[in-house]
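What the coordinates show
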Amino acid sequence: MGSLFLLTLRMINGQAWHWTSLKTESCLWESRILLLIFGTVEKKSSQPMIDFQLFRNPAFVSSAVVGLLG
């Protein structure tokens, strides 16, 4: 949730804060760090919320990309 919050905050306030300002860039980097921590914890978990094996399936990946872009 923290990662998505920071990413949304950056998108909402990016123009007011100026896109290349320290605030917007730090929101982006902090969001990435939290997402990496989440992925690392999920990989090591015995019962993860997200099964990362799904991303090895080309059909799943292509449908996710189409859904994201559509």
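In this report, we go over the structure that sits alongside the text. These numbers come from a predicted model, not from an experiment.

1. Some words on unusual backbone geometry
Of all residues except glycine, most have a negative phi; of all peptide bonds, most are trans. Despite not being glycine, His-18 has its phi angle at roughly 75°, a positive value. Residue position: His-18 is located in the loop between helix H1 (2–17) and helix H2 (22–44).

2. Comments concerning the packing of aromatic side chains
Inspection of every chain in the model, using the stated rule, returns 2 aromatic pairs. By the ring-pair criterion, three or more aromatic residues cluster together here, those being Phe-52, Phe-55 and Phe-60. The ring of Trp-29 carries Arg-32 above its face, with NZ or CZ at 4.6 Å from the centroid.

About the cut-offs
- Residues numbered from 1 in each chain as written.
- Predicted model: local features only at pLDDT ≥ 70, side-chain atom pairs only at ≥ 80, totals over all residues.
- Heavy atoms only, no water.
- Helix = DSSP H or I, 4+ residues; strand = E, 2+ residues; numbered from the N terminus.
- Phe/Tyr/Trp six-rings, centres within 6.5 Å; stacked < 30°, edge-to-face > 60°.
- Lys NZ or Arg CZ within 6 Å of the ring centre and 35° of its normal.

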